[in-house]
Amino acid sequence: MDTTERRDGSGDADPVDDDNAGKVAASAAATNTVQDPSSSVPEATITSDVIPNGHKSTSIDASNKDDCQEETSKENTELSNVDGSDEKTETKAETGEEVIVIQDAGFNIKIAAPLIEPFDLPVSSMELVQEIFQVLVDKEETCHRTCFTLQLDGTTLDNFSELKSIEGLKEGSVLKVVEEPYTVREARIHVRHVRDLLKSIDYQDAYNGLDCNSLSLLNIVTNGNILEKKAPSRSDTVDYLPPECLMPGSKDRPLLPLHPIQKDLKGPQCLKVLTYSGWNPPPGNRRMHGDLLYIYVVTLEDKRYHITASTHGFYVNQCTQEEFNPKPSGQKHLFHSLIDLLSQISPSFKRNFQSLLKKRQLKHPFERVATPYQVHSWMAPAMEHSIDYIRAEDAFSSRLGYEEHIPGQTRDWNEEIQTTRELPRKHLPERLIRERTIFKVHSDFVVAATRGATSVIDGNIMAINPGEDTKMQMFLWNNIFLSLGFDVKDHFKDFGGDAAAYVAPGCDLQGVKAYAGVDPEGLYTLGTVVVDYRGYRVTAQSIIPGILEKEQEQSVVYGSIDFGKTIVTNDKYKELLKKSAQSLKIRPHKVVNSKNEEVELYSSVECKGIVGNDSRHYILDLLRTFPPDVNFLPVDKSELSEAIQALGFPRKHRHRLACLRQELVDAFVEQRYVMFVKNAACQFQELRLRKIRETELSKEKDKSETSGQDVAIASETLSEVPKTQDEIETEEAKKIVETLTDAVASAKEEESTNEIIRAAARLVGSLSDTEFSITFNPDVYQDHVQHANPDSDCLTREKNLVKAAAEFLLLSQIPNFICECLEHTSSPIDGYTLTEALHHHGINMRYLGTVTDFVGRQSQLSYLHSICVSSLITRSTKHLYKAFMQGVDMMNLSPAVSHFLNCFLGSYPSPYTQVATDEKSKKKNKRKNKGALYLAADNIEWASEMPKSLWKKIVEEVQDYYGYKLECDSIDSAIERYGLQKVSMLRGFCKMAGIQILLREYALDSKSKQPFYEEDILNVFPIVKHIHPKATDAYHVFTSGQAKIQQGLLHEGYELISEALNLLNNVYGAMHPEIAACARLLARLSYIMGDYGEALVYQQRAVFMSERVLGIDHPNTITEYAHLALYAFANNQIPTALKLMYRALYLALICTGDCHPEVALFYCNIGLILHAVNEFDVSLKFLSRALELNGKFYGARSLKVALCYHLVARTFSCKGDFRSALQNEKEAYSIYKQLLGENHDRTNESSECLKHLTQQAVKFQKTMNQLSKGEKLNALTPLQIQTPSMSNVLETLNLINGIVFVHISQEDIERFRDEMIRHQAQAGQKSLVEQNLRNGAKTPSGESPPVATKSGELTEGTSVPANALNGCADGASALTDPIDLS
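Everything numeric here is computed off the predicted structure, so don't read it as measured data. (Residues numbered from 1 in each chain as written. Predicted model: local features only at pLDDT ≥ 70, side-chain atom pairs only at ≥ 80, totals over all residues. Heavy atoms only, no water.)

**Observations concerning the overall build of the chain**
Quick reminder of the rule: Strands are runs of DSSP state E lasting at least two residues, helices are runs of H or I lasting at least four, and both sets are numbered from the N terminus onward. Exposure is judged per residue with a 1.4 Å probe applied to protein chains only, and the accessible area is read against the type maximum: over 50% gives exposed, under 20% gives buried, and values in between give partly exposed. Throughout, a contact is declared for two residues whenever any of their heavy atoms are within 4.5 Å.
Helix and strand content of the chain: 45 helices and 29 strands. Here the chain, with 1382 residues, has 57% of them falling under the buried criterion. Across the chain, the fraction of contacts at a sequence separation of at least 24, relative to all contacts at a separation of at least 6, is 72%.

**Focus on the pairing of strand S8 (residues 271-276)**
A regular strand places its side chains on the two faces of the sheet in alternate fashion. Put simply, the test is: At least two bridges found by DSSP between two strands are what make those strands a pair.
Taken across its six residues, S8 has five buried, putting it largely inside the fold. Where S8 lies against strand S9 (residues 291-299), five bridges are found, and the strand directions are antiparallel. Bridged to Leu 274 within S9 is Val 297.

**Things to note about the pattern of salt bridges**
Between side chains of opposite charge, a pair can form as their charged atoms come close. As a reminder, the rule being used: Salt-bridge detection follows one rule: a side-chain nitrogen of Lys or Arg within 4 Å of a carboxyl oxygen of Asp or Glu.
What the rule picks out here adds up to 58 salt bridges. A salt bridge links Asp 302 to Lys 272; the shortest N-O distance between them is 3.5 Å. Of this pair, Asp 302 sits in the loop between S9 and strand S10 (304-310) while Lys 272 sits in strand S8, and the two are 30 residues apart along the sequence. Using a relative accessible area of 40% as the deciding quantity, one classes Asp 302 as partly exposed. One salt bridge in this structure joins Arg 846 and Asp 629, with 3.2 Å as the shortest N-O distance. One end of the pair, Arg 846, is in the loop between helix H23 (831-840) and helix H24 (848-856); the other, Asp 629, is in the loop between strand S23 (617-620) and helix H17 (642-646), and 217 residues separate them in sequence. For Arg 846, a relative accessible area of 11% puts it in the buried group. Each member of the salt-bridge network shares a partner with another, and the members are Arg 421, Arg 425, Arg 434, Asp 519 and Glu 521.

**Observations regarding the nonpolar core**
As a reminder of what qualifies: We define the nonpolar core as a collection of buried residues of types Ala, Val, Leu, Ile, Met, Phe, Trp, Tyr and Cys that are connected through side-chain atoms lying within 4.5 Å of one another.
One finds Phe 817, Ile 873 and Ile 997 to be the most contacted residues of the largest nonpolar core, which totals 270 residues. Per element, the largest residue contribution to this core is 14 residues, and it comes from helix H36 (residues 1134-1152). Apart from the residues lying within four places of it in its own chain, the contact partners of Phe 817 are Ser 826, Pro 828, Leu 834, Ala 837, Leu 838, His 841, Ile 843, Val 851 and Leu 864. Tyr 182, Leu 197, Ile 295 and Phe 335 belong to the second largest nonpolar core, which has 32 residues in total.

**Comments concerning the side chain of His 653**
In this structure, His 653 sits in the loop between H17 and helix H18 (662-701). Dropping the residues within four chain positions of it, His 653 is found in contact with Phe 632, Arg 846 and Tyr 961.

**Focus: unusual backbone geometry**
Most peptide bonds adopt trans geometry, and most residues besides glycine take a negative phi value. With an omega of -10°, the peptide bond running from Asn 280 to Pro 281 counts as cis. One can find Pro 281 in the loop between S8 and helix H8 (284-287). Backbone torsion omega between Phe 649 and Pro 650 reads 0°, so that peptide bond is classified as cis. Residues other than glycine seldom take positive phi values, yet Asp 153 does so here, at roughly 55°. Positionally, Asp 153 belongs in the loop between strand S5 (148-152) and strand S6 (155-156). Among the residues examined, Asp 153 registers a relative accessible area of 72% and is labelled exposed. Positive phi, normally seen in glycine, also occurs at Asp 211, with a value near 55°. Following the sequence through the fold, Asp 211 ends up in the loop between helix H6 (204-208) and helix H7 (218-221).

**Digging into the sheet that holds strand S25 (residues 995-998)**
Across the sheet, three strands lie side by side as S12-S25-S26; this open sheet has mixed pairing. Both edges of this open sheet fall to strand S12 (379-380) and strand S26 (1017-1020), since each of them pairs with a single strand only.

**Quick notes on the environment of Lys 965**
Its location among the elements puts Lys 965 in the loop between helix H28 (947-962) and helix H29 (971-978). In the structure, Lys 965 is positioned 112 residues away from Asp 853 in sequence and 9.8 Å away in space, judged by C-alpha atoms. Residues contacting Lys 965, with those up to four places away along its chain left out, are Gln 959 and Tyr 978.

**Quick notes on the packing of H23 against helix H25 (residues 862-885)**
Keep this limit in mind: Inter-axis angles, ranging from 0 to 180 degrees, are taken between N-to-C directions of lines fitted to C-alpha atoms, where helices are fitted over the stretch in contact. Orientation labels follow simple angle bins: below 35 degrees gives roughly parallel, above 145 gives roughly antiparallel, 65 to 115 gives roughly perpendicular, and whatever is left gives oblique. Gly counts as polar in this scheme, as do all residues outside two lists: the nonpolar Ala, Val, Leu, Ile, Met, Phe, Trp, Tyr, Cys and Pro, and the charged Asp, Glu, Lys and Arg.
H25 packs onto H23 with a crossing angle of 100° between their chain directions and a minimal axis gap of 9 Å. With respect to H25, the axis of H23 lies roughly perpendicular. Touching Gly 831, Leu 834 and Thr 835 of H23 are Leu 864, Ile 867, Cys 868, Ser 871 and Arg 875, all from H25. Taken together, the residues of the contact of H23 with H25 break down into four nonpolar, three polar and one charged.

**A short note on the packing of helix H30 (residues 982-993) against H36**
Orientation of H30 relative to H36, taken along the N-to-C sense of each, is 85°, at an axis distance of 6 Å. Between H30 and H36, the crossing angle belongs to the class labelled roughly perpendicular. Residues Val 983, Ser 984 and Arg 987 of H30 form the contact with H36, whose participating residues are Leu 1149, Ile 1150, Cys 1151 and Thr 1152. Class assignment of the residues belonging to the contact of H30 with H36 gives a composition of four nonpolar, two polar and one charged.

**Comments concerning the sheet that holds strand S17 (residues 536-542)**
Ordered by their spatial adjacency, five strands build an open sheet running S13-S14-S17-S16-S27, and the pairing between neighbours is antiparallel. Each edge of the sheet is formed by a strand with only one pairing partner; in this case those strands are strand S13 (474-477) and strand S27 (1023-1026). Between one strand axis and the next, the sheet turns through 20° on average, direction left out of account. Sheet topology places strand S14 (residues 480-484) next to S17; five bridges connect them, and they run antiparallel. By the bridge assignment, Leu 482 is partnered in S17 with Ala 540.

**Regarding the environment of Pro 114**
Looking at the element boundaries, Pro 114 is found in the loop between strand S3 (106-112) and strand S4 (119-124). Spatially, the C-alpha atom of Pro 114 lies 7.1 Å from that of Val 177, the residues being 63 residues apart in sequence. With near-sequence residues (within four places) excluded, Pro 114 lies in contact with Arg 145, Val 177 and Glu 179.

**Description of the confidence of the model for the chain**
In plain terms, the rule: Note: pLDDT gives the predictor's confidence per residue, expressed from 0 to 100.
Counting all residues, the mean pLDDT for the chain is 81, and 78% of those residues have values of 70 or more. Note on residues 398-408: pLDDT under 50 across the span, and 25 contacts to partners over four residues away in sequence or across chains.

**Section: the pairing of S5**
Among the five residues of S5, five are classified as buried, and the element is accordingly described as predominantly covered. Here S5 shows a buried face lined by Phe 148, Leu 150 and Leu 152 and a second buried face lined by Thr 149 and Gln 151. Pairing of S5 with S6, which is carried by two bridges, proceeds in the antiparallel orientation. Bridging across to S6, Leu 152 finds its partner in Thr 155. Here S5 folds back onto S6 in antiparallel fashion, the turn holding two residues, of which Asp 153 has a positive phi close to 55°.

**Some thoughts on helix H9 (residues 338-345)**
Threshold: Here a polar contact means two N or O atoms within 3.5 Å. Within protein one must be a hydrogen donor candidate and the other an acceptor candidate, and residues neighboring in sequence count only if both atoms are side-chain atoms.
For H9, a buried count of six out of eight residues is recorded, marking the element as mostly surrounded by other parts of the structure. In this structure, the buried residues of H9 make contact with helix H5 (184-198), S8, S9, S10, strand S11 (313-316) and helix H10 (347-362). Between the side-chain oxygen at the start of H9 and the backbone nitrogen of Ile 339 there is a gap of 3.1 Å, and the oxygen is on Ser 337.

**So, helix H12 (residues 413-421)**
Of all the nine residues making up H12, eight are buried; the element is thus mostly covered by neighbouring parts of the structure. Looking at H12, one finds that the buried residues are Trp 413, Asn 414, Glu 416, Ile 417, Gln 418, Thr 419, Thr 420 and Arg 421.

**Side note on the packing of aromatic side chains**
Heads up, the condition is: Pairing of aromatic side chains here covers Phe, Tyr and the six-membered ring of Trp, requires ring centres within 6.5 Å, and sorts the geometry by plane angle: under 30 degrees stacked, over 60 edge-to-face, intermediate tilted. Definition used: whenever NZ (Lys) or CZ (Arg) falls within 6 Å of the ring centre and also within 35 degrees of the ring normal, the charge is taken to sit over that ring.
For the coordinates displayed, the defined rule picks out 32 aromatic pairs. Ring centres 5.9 Å apart and planes at 45° place the aromatic pair Tyr 524 and Tyr 618 in the tilted group. Pair noted here: Tyr 524 is in strand S15 (residues 523-524) and Tyr 618 is in strand S23, with a separation of 94 residues, a long-range link. When the ring centre of Phe 119 is taken as origin, the NZ or CZ atom of Lys 139, which lies over that ring, is 5.1 Å away. Residue placement shows Arg 537 over the ring face of Tyr 502; its charged tip is 4.2 Å from the ring centre.

**Quick notes on a nonpolar patch on the surface**
Stated precisely, the cut-off is as follows: Like charges are joined within 9 Å and nonpolar side chains (Val, Leu, Ile, Met, Phe, Trp, Tyr) within 5 Å, but only among residues with over 30% relative accessible area and no salt bridge; these make up the patches. All accessible areas in this document rest on Shrake-Rupley with a 1.4 Å probe, and a residue is counted as covered only by the protein chains that are shown.
Together, Ile 464, Met 474, Leu 476 and Leu 548 give the surface a local cluster of nonpolar side chains, amounting to about 330 Å² of exposed area. As for its placement among the helices and strands, Leu 476 is situated in strand S13. On the basis of relative accessible area, Leu 476 is assigned to the partly exposed category, the value being 35%.

**Notes on the environment of Asp 793**
Along the chain, Asp 793 turns up in helix H22 (residues 793-823). With 26 residues separating them in the primary sequence, Asp 793 and Leu 767 have C-alpha atoms 10.0 Å apart.

**Let's talk about the state of the cysteines**
We apply this condition: Here, a disulfide means two cysteine sulfur atoms that sit within 2.5 Å of each other.
Here the structure, examined in full by the defined rule, presents zero disulfides. There is no disulfide at Cys 507, and the cysteine sulfur nearest it, in Cys 659, is 5.7 Å away.

Next up, the structure:
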């Protein structure tokens, strides 16, 4: 649903009342949750506008939904109008495709519910009745009702109807809430809802990783909702100083502040016990009296009640624990709601429940709506495990195999997944419905698959082949096929055995992701989830109909099941794969099977095609979709170039499934295409000029036909010098090549043109002589594949291309990554962001050792070298941990994990652990194929591991797997040698391995005791990998908005980004990382356009979402906190701004330590804000440390260092230390003069500052001299110490954070407009940059492309960010942070 504010044509914004952003959460929950699932069956669920949310219980604070719904009505542009009745069509130049904008009507209706006054509810014509239902279930006044219908003039409304389709529904209409009779199912839903209400403000489910609950700590950090805070008055005493651990130079990294959970946040207890009675189910005679089920309650007054849930409501019966008497008790109170009954019989319940609702109302809706995927916390406080009978029943009831919303049957995941992909997608509304259902079914499948995979490892699911060896067992649960990551029947014997079997599911998932991105019609992939849990890898897949009924050999109609011996093909598959092969750069090729028959394939040999019983064409085993990486294959050294050999390649790897990434393939093809067009354009220019010269020379011979004008043109042409290949711009080259392909005048010209194309094609290694064709044969360098013509020139060229791509990775992409880091357009802060950055460049993590070598040669990147080494160590340790955990029995999990952590991170040389007492008897009596997986022959080997032996294995693993030599033999030597931090390594390893530890301070440096004990290991959680369905239309609108912003059309860009946010909410619901990124950009735009309040609203949403869907200490969350601090300062909330900046700094210190460019930026921000509140001494410490770090990372003579010198000088002057101020300002002036010249504004400002400081220093010195001589001073000359104003501090904050404003005159605007018109006329078609953006790529620097011109929306005196024009000077972050919505 829409989370943005709508702007009118004038560009003036209505205020966004995000005090109640719960509208978004409520609407999204309504869209994704079916209250009455009995009305839908699986097939209907798929094709309807709403998909059931079987696994989640969505609970949202809807106390202020009225205002929120009003926001929806004003803003909602959901674009889901299928019949198109209210559509307006616009053709957007930026995307070149039709975009339908829905004109949505908002209006108010009245809700009349029993026992409360009617109230108004703003709604949208495109909302569903179901969404109103959900709002009422969550609204404070009506949250105790779940079994009701909505009626208009006596007619019951269908939950799945859009409001616009309801006849007679208009402004002021009254919808009546009508209580309906209960069924057993509705009664159970009501009891579960009551339980959820009683637990609604607890953090226990978030820490335990249940029901897609996750943490958000923003309101705790800011001590309340930031939007409700007012600026402190002058009389208020405010402590602005940071905690000691955040002071520059502090080595203390406490962990307790990571989770600042307050004890009083737990809700008041309302009941002692709420559970189903042991008298269930009602006997037949009572069922005939309307009894549905019995409930047992113990109140806070210690009174025990047995309650009957009947068709008409709830009442207290006369049962006791010993006697069954279902007749009503003497009170004879019948209530439709259990809450009302409990309030009647227990005054404590009534009082405490009202208190709980008030606390619930204080929580932001975004803190409570369920996330699409489960997010786990690596630390948790000691949680009280209270009695909860409803939770207990859920854990062991039939929900383990069934979903409640489809009574009596499991979900057919494959049918749901494939049916959603078959939904129509011709028009925008259809695509939105399709993408929403795809995302919803996928997120449900991921949750179910994760649950199944963990149950398999925990031994809770019986194998379908229990007689087989443990490693070979397979499982079938909830219509999901689950298999272990071991080499079954020597399937991967020639490819690396178990090592290959372990990585194969990940490679297969990359292939599934690639085909899902192409989204071909008629070709189907399986739902695939890869789960790592307790050292095991489990692959969960949906099941092809009929696949379990016959052998695989009988099912496969395309590809090979035995690695190339038997290969079959199918015309239909060839037709389907041909389309996707073009997009994925896969070359059609012929191979020979064991019968010497030639078979043409459009994929790798391993790819299998199976036609299911549903007649759909499935492809699976996509592990080698992309070309092999010859740098890690056993090829002859002479095959590779000398440059590659010099880097130590080819390198031995433990498996032969190493493939290049899709990002690398795309980058390589793009680079070759640019080379191709530039070469062809250069040659074509020379050809054209040669022809013109020849023509002019022939004309000169016939002087009678040559006019003076022609001679002038000829002489001008003859003097034209052809551009070199490097001088030709890419766009210019593309236009020339397009001209080449147009019809030519003569056969001679055609021959010359074709020769140019052939020459350019040969240069770039094209597989076609007549055009640019770079595609890859995935089966080259595979010994098990026999090619049709092994000695052909074509196969040689295919091999050369694969070698060139692998060489491109080493000699181009890794240096590009290093350059970006040197330019500070990319600054990874931990192992996760490092992985993301490398993958963005197409660099596999097996190259991490090589990257670390490259980075180690750059002194400016010392921080990155530490991160790389830390990642090498934690990744290698994870490899060892995987094998370590496979040898541990369930009874010893906590001791084993704590012992491993002691050996890995503790300084204590001889940690010890307690092995379970019956371990020896278990060892003698090995359980075979029963219960939990139990693979090791000797299950107490892990207890003999010591720090020295483990670190020896780590060093060997880093050398063997990554080719990097660690110069350390213990954790302490690694910390000292590479500048690492134990807390950061603990965090990185726990998140990577799936370990949750107790929130406390650990004595990691103690040499007298071990830091970890078995009580510290709270849980192990799964690491889940899956594809991420995309909102394609939202991405196109988003990139259009980015283009507008880069052109300076901020209001138009804002509108488009708002539209993108609407579309994202429509597809993803309320919570998603891309929605957070969109909200961040809208906040930045609002800030730049001067609407600081709206910037605060959007940025608060971004922080909430980032914490919920990424994690409370994720690097993105750190960035969001820093942005929110800036906007809070702009709104004059200085104490809050400091709290937020302290939180960002603390998280950054935990992630990476003190030595990082981002930390330097945070120091600068904190120093400035402290300066603004006259805390000069502390401010000076932060600014001095920022100066030191910036000098290290940007160079001693950079603009950032000059600015830091200036800020330090200003702080010294405010303290009255003019000598030090003068010294620092001289340094600033020297740098500005050297880099910018004497006439630059910054140089002049520094010069004026120097004059002022010199005058003050002279005055001060004169006064001191007079005092020292004992002279009497008649009048003490006052020193001019100017403390900066808030506006001045804000300008400086903008400057250091990369937001620089420049004023543009009307003449400049006119000139920019003319340049833009001329540029558009010349371009003729989309620029390469726009195409790259539309395809999800970025410019080489990693930033959005700088704009060259402005357009006429700007007026005289308009402020525009300078970095929107030219990028930000000296590596500051750009106006629009790069957001990858591809």
